Amino acid sequence: MKLVEKQGAVRWGEAFPVGNGHMGAMIYGSLPGNRIELSENTFFSGEKSDGDNRKGADQAFYEMRELAARGEYDRVHEKAEEFIGIRNNYGTNLPVGQVLVDYGIRPDEVEGYGRSLDIMEGVVTGAFCKDGCWYREEVFLSNPDHILVDHITLDKKGEVRISFSPANDYGEVYYEDSALRFTCMAYETLHCDQLCGVMAVGYASVVTDGSSSSERECIVVRDATDIKLYLDIRTDFKRTASGKCREEMPWEIIPQEIIAQRVESQEGILHDRMPCEVIARKAMSQDGMFQDVLPQEIASEKVILKDILLQEVMQHVEKCREKEYSGLLERHRRDIGEYMKRVDLRLEGAGEELNKLAFLFQYGRYLLLSSSREDSSLPAHLQGIWNDNVACRIGWTCDMHLDINTQMNYWPCEAANLSETAKPLFRWIAKDLAPSGAVTARESYGLGGWVGELVSNAWGFAAPYWASPIAPCPTGGVWVMLQMWEHYLYSRDVQFLEEEFLPLLEGTVEFFEQYLFVDEASGYYTGGPSISPENSFLYRGKPYQISNGCTYEILMIRELFNVYQESCEILGIDHDRYRRICEKTGRLLPYRLTPQGTIAEWNHGLEEADPQHRHTSHLLGLYPFSQINPEDAPLLCEAAEKTIQAKLDPVENWEDTGWARSMLMLYEARLYHGDQAYGHIKSMMENLLEPNHMVYHPPTRGAGAFDHVYELDGNTGLVTGITELLLQSQRGIIRLLPALPTEWEAGEVKGLRARGNITVDLKWSGGRLEFARLKAGNDGKCRVAYSGKQWELELVKGGLYLLDCKDGADMAL
């Protein structure tokens, strides 16, 4: 379970990732100096805005609906300009900066170079030898102690220089007393209309058995055989100088005495009796980085917050310095190991890919765990916890995409036994997305409840996208919220269902119950106008996107209503809305087949503009949902397979990306086509892996970029695909080895999770199951299926159940 390289990284896709759910670091291990590129969970440009919805959008929307009903799609798009959202200072996650540990040694001067990442411990190590002296380096990012530690040892006394560089021009660095401190601003103008964003304050301190001193541009450590660098970052995300959340206490009402107590003069003395405005003016005169680019009142607050954050981060780093290094490292190893060792996978068979595939399965779990922890301030964004400085410099931004990417980030969390990683996502939905979505529902649609659209950011942006080709898209919030339903299904936590999920569910159901209307041609309930992300159809020879009755939107509403009905039944709720939703669910627009036998993406017969487009949103009823399944809908399954094959014909036109390839493997897994799914896995491994095994999104005709873009979803999608080949548990049945590829001749997996709060271990050989071991987390019943047979089990919490198959005999309990 290690990545091993014999040379240093030259580019981002060769560096090794570590993260603690707050900070991320890419470790290059290069010479003459080791680069450590830093990122931070909340380091976003932009700000929360109350003006994201366009005035009059609700009226424009219903005019668009009428035009779409008449098939006047060119006029729909013209009218959409009056509906689309307003970007304002939307923002993007940005890289913070780079630490350089400079040895002053060229690569051609060393021998025995090697570096590795142990994903079961979350530790990067490196070593090389020069003139008989071995240099060794060990880097980790601890969640329990909230600290980055870089430990360097030398066989002989030597010299190392340590420096920091901000990732943009809006930063500053100071070196003093064997330490460095920096301030970085998340400022950019590609995704914002003006300079605004989060401030990060960092502090790093050196402990050594040699001597250390601060120079103008670095810390110099001399005559040392042991060097430890401790680093932490704090941001002012949602903070004010009072220490309270910005939404709770705006700048205008911060007590002056609080401000006065927090700002130091040039001499370092706290002036607790100076008037606020005098202190602010005095501080600003020493801090041109703020006064030149920000309004005075905002600059004043930034100065005050910078001091607060610096004091916090310095105290924390100094506290970590006082701890035993061995204790810090051991706590970190135990922490990572506790999560990573919950699941173990071994694969045997033909082909060299299988050992690598077992590693990639655990690697995807490691990347999710590194990106999203229970105490993370935000959920994982497009790139998890890291930032390659590419996504943030192109049009799509490094944010929370709600038309596939954020959802796929978290798909492994339940089945792959990392349930805790989803908690930041749930908090963000409840505290940020849903409240903003209530404003969007009211102002852009004239409806109650709440709604989420195509993209969102650190502050829960929920307005329609600001360009008509990809708005409206009001089901993004539904889709990401349904991860909470999955958490209930896997945990059977009724308190969570009632207290955390149901209020959000009621809000989305309120919106979509009002949103639906009757399609006059068919008599079914339908919705729209909306898009099918992010595809286009041809109308009068030109590409358009907006129409009524998109398959994606209807299947998402169907899933929402099904979940609502089941939730009400579990909780004993029987009221008018429940009965209305039951009636409307049965009258939703059904799936439609094209003359070619594929599943139609729209409720009209117009031709696709790009038949090999990367998005396949009209197949989501197959996965992640199970509206389309071989047992109940074999004809729709046949149509789904034809749809997949049409996407790949000709294969060279397929718009291949990590997440899009993951969707193909997941669809095939749900069709029980193990060999086809494995073919997609092998294609990903051959064509979409960086040297550090992070799955990338190449520049494509529909999603342009100046370089490969890393996306967490490619790695997590692969984890989910492997899991689905070995274990499925949708629709109340635990399916053992439902789509085992022929080449996976033998293997064993321990610790996978099934819906119903059940932990499952499996072992197989010769392509046949040897045994399955189930551990019940709750009392109840479950059905288990394998090779055409089913068993019903009465479970007792804590009980172990063995399904045994010996010498080719039938399965027996």
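Residues numbered from 1 in each chain as written. Predicted model: local features only at pLDDT ≥ 70, side-chain atom pairs only at ≥ 80, totals over all residues. Heavy atoms only, no water.

## Structural notes on the environment of M408
- Along the chain, M408 turns up in helix 9 (residues 405–410).
- When the C-alpha positions of M408 and V480 are compared, they lie 9.4 Å apart, and in sequence the two are 72 residues distant.
- Once residues within four sequence positions are removed from consideration, M408 is found in contact with W659, S662, M663, D713, T716 and G717. (Helix = DSSP H or I, 4+ residues; strand = E, 2+ residues; numbered from the N terminus. Contact = heavy atoms within 4.5 Å.)

## A closer look at the packing of aromatic side chains
- Enumeration over the complete set of coordinates arrives at 35 aromatic pairs.
- When the ring of Y90 is compared with that of F461, the centres are 5.0 Å apart and the planes differ by 90 degrees; the resulting orientation is edge-to-face. On the criterion of sequence distance, the pair formed by Y90 in the loop between helix 2 (73–80) and strand 5 (97–102) and F461 in the loop between strand 17 (455–456) and helix 12 (476–491) is long-range, its members being 371 residues apart. Here the two residues Y90 and F461 agree in accessibility, since each one is buried. (Phe/Tyr/Trp six-rings, centres within 6.5 Å; stacked < 30°, edge-to-face > 60°. Buried < 20%, exposed > 50% of the residue type's maximum accessible area, 1.4 Å probe, protein only.)

## Quick notes on the packing of helix 13 (residues 494–515) against helix 14 (residues 551–571)
- Running from N to C, helix 13 and helix 14 point in directions that differ by 135 degrees, and their axes come no closer than 10 Å. By the angle class used here, helix 13 and helix 14 are oblique. When the axes of helix 13 and helix 14 are compared, the crossing they make is left-handed. Residue-level contacts link V494, L497, E498, F501, L502, L505, E506, T508, V509, F512, E513 and Y515 of helix 13 to E553, I557, L560, F561, V563, Y564, S567, I570 and L571 of helix 14.
- Considered class by class, the residues forming the contact of helix 13 with helix 14 number 15 nonpolar, two polar and four charged. (Axes fitted to C-alpha atoms, helices over the stretch in contact; angles between N-to-C directions. Parallel < 35°, antiparallel > 145°, perpendicular 65-115°, else oblique. Left-handed = near helix turned anticlockwise from the far one by under 90°. Nonpolar A, V, L, I, M, F, W, Y, C, P; charged D, E, K, R; others polar.)

## Description of the sheet that holds strand 27 (residues 758–765)
- Pairing is antiparallel across the open sheet formed by five strands, whose spatial order is 15-26-27-28-31. If you trace the sheet from one side to the other, it starts and ends with strand 15 (344–348) and strand 31 (800–804), each paired once. Each adjacent strand pair in this sheet contributes to an overall mean axis angle of 15 degrees, direction not counted.
- Pairing analysis gives eight bridges linking strand 27 to strand 28 (residues 768–776), with the strands arranged antiparallel. (Pairing = 2+ DSSP bridges.)

## Here we look at the pattern of salt bridges
- The final tally for this structure, using the stated rule, is 55 salt bridges.
- Among the salt bridges present, the one from E121 reaches R333, with a minimum N-O distance of 3.1 Å. In this pair, E121 sits in the loop between strand 6 (111–118) and strand 7 (123–130) while R333 sits in helix 7 (residues 325–340), placing the two residues 212 residues apart along the sequence.
- Overall, the relative accessible area of 27% leaves E121 in the partly exposed class.
- In this structure, the salt-bridge partner of E215 is R161, at a minimum N-O distance of 3.4 Å. With a gap of 54 residues between them, E215 in the loop between strand 13 (211–214) and strand 14 (219–235) and R161 in strand 9 (residues 147–166) connect regions that are remote in the sequence.
- A relative accessible area of 32% places E215 in the partly exposed class.
- For R161, a relative accessible area of 28% puts it in the partly exposed group.
- The structure contains a network of salt bridges with shared partners spanning E159, R161, E215 and R222. (Salt bridge = Lys/Arg side-chain N within 4 Å of Asp/Glu carboxyl O.)

## Quick look at the pairing of strand 14
- In terms of residue burial, strand 14 counts as a mostly covered element, since 13 of its 17 residues are buried.
- Pairing of strand 9 with strand 14, which is carried by 10 bridges, proceeds in the antiparallel orientation. In the sheet register, H151 faces strand 14, and the bridge partner there is K228.
- As judged from the nine bridges shared by strand 12 (residues 199–208) and strand 14, these two strands associate in the antiparallel manner. Across the sheet, residue G202 finds its bridge partner in strand 14, namely I233.
- Sheet topology places strand 13 next to strand 14; four bridges connect them, and they run antiparallel. Looking at the pairing, S212 lines up with V221 of strand 14.
- Joining the antiparallel neighbours strand 13 and strand 14 is a turn of four residues.

## Some words on the nonpolar core
- Within the largest apolar cluster, 234 residues are counted, with the highest numbers of intra-cluster contacts made by L38, L736 and W744.
- If you look at the next biggest cluster of nonpolar residues, it comprises 24 residues, including A179, Y203, Y230 and I308. (Core = buried A, V, L, I, M, F, W, Y, C linked by side-chain atoms within 4.5 Å.)

## Side note on the packing of helix 12 against helix 13
- At a minimum axis separation of 10 Å, helix 12 and helix 13 run at an interaxial angle of 155 degrees. Classified by the interaxial angle, the pair formed by helix 12 and helix 13 is roughly antiparallel. Here helix 12 and helix 13 pass one another in a crossing that is left-handed. Every residue of helix 13 that contacts helix 12 at V478, M481, M484, W485, H487 and Y488 is listed here: V494, F496, L497, E500, F501, L504, L505, T508 and F512.
- Here the residues of the contact of helix 12 with helix 13 are counted per class, giving 12 nonpolar, two polar and one charged.

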